[in-house]
Amino acid sequence: MSVIKLNEIYEVKIEDINHKGQGVAKIEGFTVFIDGGLPGDKCKVKLVNIKKNYGVGEIVSIIEPSTKRVIPKCKISYACGGCQIQGLDYQEQLKIKTNKVKNDIKKIGHLEDVLIHDTLGMDNPYRYRNKAQFPVGRRNKKIAIGFYKRGSHEIVDTNSCIIQHEVNDKVIKLIKAYMKTYNIKPYDEKTGTGLIRHILTKTAFKTGDVMVVIITNGEKLPYKDKLIEILKSNITNLKSVIQNINTKKTNVILGDKTNVLFGTKKIIDYIGDLKFNISAKSFFQVNPVQTEVLYNKALEYAKLEGNEIVFDLYCGIGTISLFLAQKAKKVYGIEVVKEAIVDAMENARINGIENVEFYEGTAEEIFPKLYNHGIKADVVVVDPPRKGCDKKVLDTIVKMSPKRVVYVSCNPSTLARDLKYLDEKGYKTIEIQPVDMFPHTMHIETVVLIEKK
Ligand code: SAH
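Scoring rules and cut-offs
Residues numbered from 1 in each chain as written. Predicted model: local features only at pLDDT ≥ 70, side-chain atom pairs only at ≥ 80, totals over all residues. Heavy atoms only, no water. Helix = DSSP H or I, 4+ residues; strand = E, 2+ residues; numbered from the N terminus. Rg over C-alpha atoms; globule rule 2.2 N^0.38 Å. Lys, Arg positive; Asp, Glu negative; His and termini not counted. Charge placed at Lys NZ, Arg CZ, Asp CG, Glu CD. Phe/Tyr/Trp six-rings, centres within 6.5 Å; stacked < 30°, edge-to-face > 60°. Buried < 20%, exposed > 50% of the residue type's maximum accessible area, 1.4 Å probe, protein only. Lys NZ or Arg CZ within 6 Å of the ring centre and 35° of its normal. Pairing = 2+ DSSP bridges. Contact = heavy atoms within 4.5 Å. Axes fitted to C-alpha atoms, helices over the stretch in contact; angles between N-to-C directions. Left-handed = near helix turned anticlockwise from the far one by under 90°. Nonpolar A, V, L, I, M, F, W, Y, C, P; charged D, E, K, R; others polar. UniProt positions renumbered as here; feature names shortened; annotations may be inferred. Near = heavy atom within 4 Å. Polar contact = N/O pair within 3.5 Å; in protein donor to acceptor, adjacent residues only side chain to side chain. Areas by Shrake-Rupley, 256 points an atom, 1.4 Å probe, with all protein chains shown as cover. Salt bridge = Lys/Arg side-chain N within 4 Å of Asp/Glu carboxyl O.

A. Spatial organisation of the overall build of the protein. Broken down by element type, the protein carries 9 helices and 23 strands. Whereas a compact globule of 453 residues would reach a radius of gyration of roughly 22 Å, the protein reaches 24 Å, a difference of no more than 12%. Seen through its principal axes, the protein has C-alpha atoms that stretch 65 × 65 × 35 Å. The protein carries 71 positive and 54 negative side-chain charges, and their two centres are separated by 6 Å.

Here it is, written out as structure tokens:
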């Protein structure tokens, strides 16, 4: 029985960080998670919650800060839920990510002789995102556009977000001014009244195209011509202004109906030489610079010579499939979201790529079916969501017996579990390359080369 007490203050040394970016410390052997605590910090902590396997602590004071702490560039980085670890030196962030992968491979995967490379970071880990979603509301009676406060629905007003493309700072400023000048009401989540709910922006890094989406609680948008004029005259490369209507009381940002107010419905961006159409709703990787690093690594690990049959499971809008298709005989992509498959087919078409076939459905259903129809692959690429691959997918890989598997993962823990399973069935993990797709957050992306023993 633990002797620790609720609301008591303890002195702790933070040893680690969890996947949510909370510091991890032990109080009398009991694990405690601490918001805003970083590895190396010595601090006084108040225990505010005790659960069966862990507690939650709040920092009362920092006695001795970690030597790896830096002053965050963003003033609201603590209040905002976005960047959990901006207060940590960037090289240290990368080390922590590499170590997390190493730990999971050892403790969950029980794998040895795996070459785990250092995380590939960004030369400039700021201004890297191409998509921003800002909630609009009121704070202290004033219009607020910004981000939700950590773990809440209160809006932290901001004029600038340093992980977003610079154009966003301008968009926020212009829309605030438009709302003030023409007395346009922000949405109120509690009452369901007011008009503007969210601002969504997408910026194509290669072409410079900008899309601004105004999400409204109703059809009518007063002084819409003025709004378009303001945006057009201040934003070079503005290609698309869209109104999306969402009148539901929901956390889902986009509604079903969209009106194009200015320009085109889609903007265009490139990853490598491939062209992609991006609409308000379509999924697109948010860090275009690192996406190219990640996909090039996946392509390198696939070691294609031109005659291979390849599967791309969990293919999204077909980005990896199209990358692979340029070097393979044929690629089959499988994805569960219907709209993504429609985009994938369109992306193949606009790039003139004909040796790909996309299937809508779950990987666990479609992949075994195609195998039973006699389709065999030389290389299988998987890029599953956080929960990892379904067992049926892994079993089908083993039966199909490809030479190589390339695993792109956004969760080292489920990755390690799946690699262990594959290892037991005759597939050896050769090397792992973590790529930092989301600097200042605890998200860890890896690409893995697995070969038949
Ligand atoms: N490879 C893509 C997307 C990866 S994200 C890219 O790089 O852009 C993971 C994708 O898996 C998402 O598009 C999600 O919709 C899809 N997905 C989730 N569960 C799935 C399942 N059971 N079967 C097939 N696809 C699934």
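Continuing now.
B. Here's a closer look at the packing of aromatic side chains. Counted according to the given criterion, the structure contains 9 aromatic pairs. Ring plane angle 40 degrees and centroid distance 5.1 Å describe the contact between Phe33 and Tyr54, whose orientation is recorded as tilted. In this pair, Phe33 sits in strand E4 (residues 30–34) while Tyr54 sits in the loop between strand E5 (42–50) and strand E6 (55–64), placing the two residues 21 residues apart along the sequence. The class of Tyr54 is partly exposed, set by a relative accessible area of 30%. A cation sits over an aromatic face here: Lys73 above Tyr126, 4.4 Å from the ring centre.

C. Spatial organisation of the sheet that holds strand E18 (residues 330–335). Sheet architecture is open: 8 strands sit in the order E7-E22-E23-E21-E20-E17-E18-E19, paired in mixed fashion. Single-partner strands in this sheet number two, and they are strand E7 (115–116) and strand E19 (356–360). The pairing of strand E20 (residues 379–382) with strand E21 (residues 404–409) spans 4 bridges and is parallel. Across the sheet, Val382 pairs through a bridge with Tyr407, a residue of E21. Packing against the sheet, helix H6 (residues 338–350) makes contact with E18 and E19, and its axis sits at approximately 170 degrees to E19.

D. Layout of the packing of helix H1 (residues 90–107) against helix H9 (residues 412–424). Relative orientation of the contacting elements H1 and H9 amounts to 35 degrees, with a least axis distance of 8 Å. Of the two elements, H1 crosses H9, and the hand of that crossing is right-handed. Mapping the contact onto sequence places Lys100, Val101, Asp104 and Ile105 in H1 and Pro412, Ser413, Ala416 and Leu419 in H9. The residue makeup of the contact of H1 with H9, split by class, is 5 nonpolar, 1 polar and 2 charged.

E. View of unusual backbone geometry. Phi at Asn7 takes a positive value of approximately 65 degrees, unusual for a residue other than glycine. You can see Asn7 is positioned in the segment before strand E1 (9–13).

F. Geometry of the pairing of strand E22 (residues 427–435). Among the 9 residues that make up E22, 7 are buried, leaving the element largely enclosed by the rest of the structure. As judged from the 2 bridges shared by E7 and E22, these two strands associate in the parallel manner. Pairing of Leu115 across the sheet is with Glu431, part of E22. As paired elements, E22 and strand E23 (residues 445–452) share 8 bridges and run antiparallel to each other. Each bridged residue has a counterpart across the sheet, and for Ile432 the counterpart in E23 is Val448.

G. Structural context of the UniProt feature "binding site: S-adenosyl-L-methionine" (unreviewed entry) in the protein. On the UniProt side, "binding site: S-adenosyl-L-methionine" (unreviewed entry) is annotated at positions that read Gln285, Tyr314, Glu335 and Asp383 here. You can see Glu335 is positioned in strand E18. Beyond its immediate chain neighbours, meaning those up to four positions away, Glu335 contacts Tyr314, Cys315, Gly316, Ala340, Ile341, Tyr359, Glu360 and Gly361. When neighbours within four sequence positions are excluded, Asp383 is seen to be in contact with Leu313, Tyr314, Ile320, Val408 and Glu445.

H. Structural detail: the site of the ligand. Near the ligand lie 17 residues; those nearest to it are Gln285, Tyr295, Glu335, Ala363 and Asp383. Contact between the ligand and Ala363: a nitrogen atom at 2.8 Å from a main-chain N or O atom of the residue. Here the ligand has 570 Å² of accessible area as a free molecule, and 83% of this is covered by the chains. Among the secondary structure elements, those contributing two or more residues to the shell around the ligand are helix H5 (319–325) and helix H7 (363–372). Of the residues contributing to the shell around the ligand, the split by class is 9 nonpolar, 5 polar and 3 charged.

I. Seen up close, the UniProt feature "domain: TRAM" (unreviewed entry) in the protein. Following the UniProt record, the feature "domain: TRAM" (unreviewed entry) maps to residues 3–61 here. Each end of residues 3–61 is marked by a C-alpha atom, and these two atoms are 23 Å apart; helix forms 0% of the span and strand 56%.

J. Just the sheet that holds strand E9 (residues 142–148), in detail. In space, the 7 strands of this open sheet follow the order E10-E9-E8-E11-E12-E13-E14, with mixed pairing throughout. Edge positions in the sheet fall to strand E10 (155–157) and strand E14 (257–263), since each has one partner strand and no second. Direction aside, the axes of adjacent strands within the sheet are offset by 30 degrees on average. For strand E8 (residues 131–139) and E9, the ladder comprises 4 bridges, and the chain directions are antiparallel.

K. Seen up close, the pattern of salt bridges. Enumeration over the complete set of coordinates arrives at 18 salt bridges. Between Lys369 and Glu365 there is a salt bridge, with its nearest N and O atoms 3.4 Å apart. Of this pair, Lys369 and Glu365 both sit in helix H7, separated by 4 residues, roughly a single helical turn. Here Lys369 falls in the partly exposed class, since its relative accessible area comes to 44%. For Glu365, a relative accessible area of 43% corresponds to the partly exposed category. Each of the salt bridges in this network shares a partner with another, and the network as a whole consists of Arg139, Lys149 and Glu154.

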